[in-house]
Amino acid sequence: MTPFLRKLLGQNWLLLVTMLALAIFGVVAIYSATYMRGDSYTADFWRKQANWVVVGLFAFMISSLIDYRWVRWGALPMYLAGIFFLILTHFIGQRVYGARSWLHLGPINFQPAQLAVVAGIMVLALFLSQFRAIHPMLRLLLCGAIAGAPSLLVLMQPDLGEVIIWIPVLLAMLFVGGLPLRYLICIILIGLAFIPLAINLGLKPYQQQRIVAFTHPEIDKQGSAWAINQSLIAIGSGGWSGKGFKAPNTQIELGFLPSTAVHNDYIFSAIGEQWGFVGGMLLIGAFTLLLLTCLFVAFFAGDQLGLLLVVGMAALIFTHIFQNMGMTIALVPITGVPLPLISYSGSFVLMIMFGLGLVNSVWIHRHVPA
């Protein structure tokens, strides 16, 4: 058996099948949430998503079959490219939902923040695996600088949701990387103490309105709290089994859910209305299986670099899931974060599938000497 065929047959099939099932369901969910619109632009969202899934599958296979240790020389160039694109976005980026976060390069439209966070995970994994002997405080400061540079650029857009993503990812990688627990506890306590100051002084007015709508949704039901209230109504009206695929007279069809965001930020609301509690729980179960598979791969990783890569990617996916689903059911404030593999998000699907390819590569090459 050739080495290529051995790698091809030795990949983590549960990871691949779960990822593909979620991605295909995402295309179906986007179609069901947008098919009733008259214009061709929104009606093609599901086709565009399907194209990104195909491209993402190629990225998954390539990153799976190449030894993940290539990040030793590829992580820093990707990280610097992410920083460069974030700076470029500040000057020529497209403003969406109040944030200048999208960059158009010819036919390609993507969010550099998503490239930056995946590349940042790779750099952090490389740093924490190579410099375990230095003082914990110095390690913490350098890791903070690695995560802080893209975070500040994203905060300038301003895209608070993508900045928040960094916090649990960084904490998870620092914990697995061996940083003493007392340091992590201090970071968490200091962060909690700064939350009121950040809300009152660091957020834009529309972001502060989202916080108010989260804490007091009854204050402005026709304004800032409209979206969250309609999301709760949509999910609640789905009941046990939902109103059905392409069901008529839904919150989606009648336009009560924001038509510009129902296929990305509020896709879980659409799923809850059309597929009900059963559909929502099956989706959560599929995500749980995906994350447990990632943790299984992390347990059997061949070295510290592989372990950190898998934990970082798993933390990234989990945080997106928690924030996206949480904001639709009023567990967390609205942040505009896509649901991995499900929301219409174009390049984000590609980056998530590329990251899962790295996870798969850790599994395939777990017995290969470093």
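Details of the structure are given in the entry above.
Residues numbered from 1 in each chain as written. Predicted model: local features only at pLDDT ≥ 70, side-chain atom pairs only at ≥ 80, totals over all residues. Heavy atoms only, no water.

So, about the nonpolar core. Judged by nonpolar contacts, the single largest core of 98 residues is most densely connected at M122, L283, L341, F354 and L356. The element that contributes the greatest number of residues to this core is helix 6 (residues 112–130), accounting for 13 residues. Aside from chain neighbours lying at most four places away, what touches L356 is L15, M19, F60, L290, C294, I317 and L341. Ranked by size, the runner-up nonpolar core spans 7 residues in total, among them A261, Y266, V332 and I334. (Core = buried A, V, L, I, M, F, W, Y, C linked by side-chain atoms within 4.5 Å. Buried < 20%, exposed > 50% of the residue type's maximum accessible area, 1.4 Å probe, protein only. Helix = DSSP H or I, 4+ residues; strand = E, 2+ residues; numbered from the N terminus. Contact = heavy atoms within 4.5 Å.)

Our focus in this paragraph is helix 14 (residues 347–364). Here helix 14 is 18 residues long and its end C-alpha atoms lie 25 Å apart, about the 26 Å a rise of 1.5 Å per residue gives. Most of helix 14 sits inside the fold, with 17 of its 18 residues counted as buried. (Expected span 1.5 Å × (residues − 1).)

This next bit is on the environment of L155. Take L155: it is sitting in helix 7 (residues 136–155). Once the C-alpha coordinates of L155 and S101 are considered, the two residues, 54 residues apart in sequence, prove to be 9.9 Å apart. Setting aside residues up to four positions removed in sequence, L155 forms contacts with L160 and V163.

Moving on to the packing of helix 6 against helix 8 (residues 160–176). Between helix 6 and helix 8, whose axes approach to 11 Å, the crossing angle comes to 15°. In this view, helix 6 runs roughly parallel relative to helix 8, as classed from their interaxial angle. The two elements helix 6 and helix 8 cross, and the hand of that crossing is right-handed. Contacts from A113, Q114, A116, V117, G120, I121, L124, A125 and L128 in helix 6 reach E162, I165, W166, V169, L170, M173 and L174 in helix 8. (Axes fitted to C-alpha atoms, helices over the stretch in contact; angles between N-to-C directions. Parallel < 35°, antiparallel > 145°, perpendicular 65-115°, else oblique. Left-handed = near helix turned anticlockwise from the far one by under 90°.)

Unusually for a residue other than glycine, A330 sits at a positive phi of about 65°. Position of A330 among the secondary structure elements: in the loop between helix 13 (304–328) and helix 14. Of note, the phi angle at L341 is positive, near 70°, even though the residue is not glycine. When you line up the elements, L341 lands in the loop between helix 13 and helix 14.

Taken as a whole and judged by the stated rule, the model has 15 aromatic pairs. Pairwise contacts between aromatic rings join F25, Y31, W46, F245 and W275 into one cluster. Stacked on the ring of W363, the Lys or Arg R366 has its end atom at 3.7 Å from the ring centre. (Phe/Tyr/Trp six-rings, centres within 6.5 Å; stacked < 30°, edge-to-face > 60°. Lys NZ or Arg CZ within 6 Å of the ring centre and 35° of its normal.)

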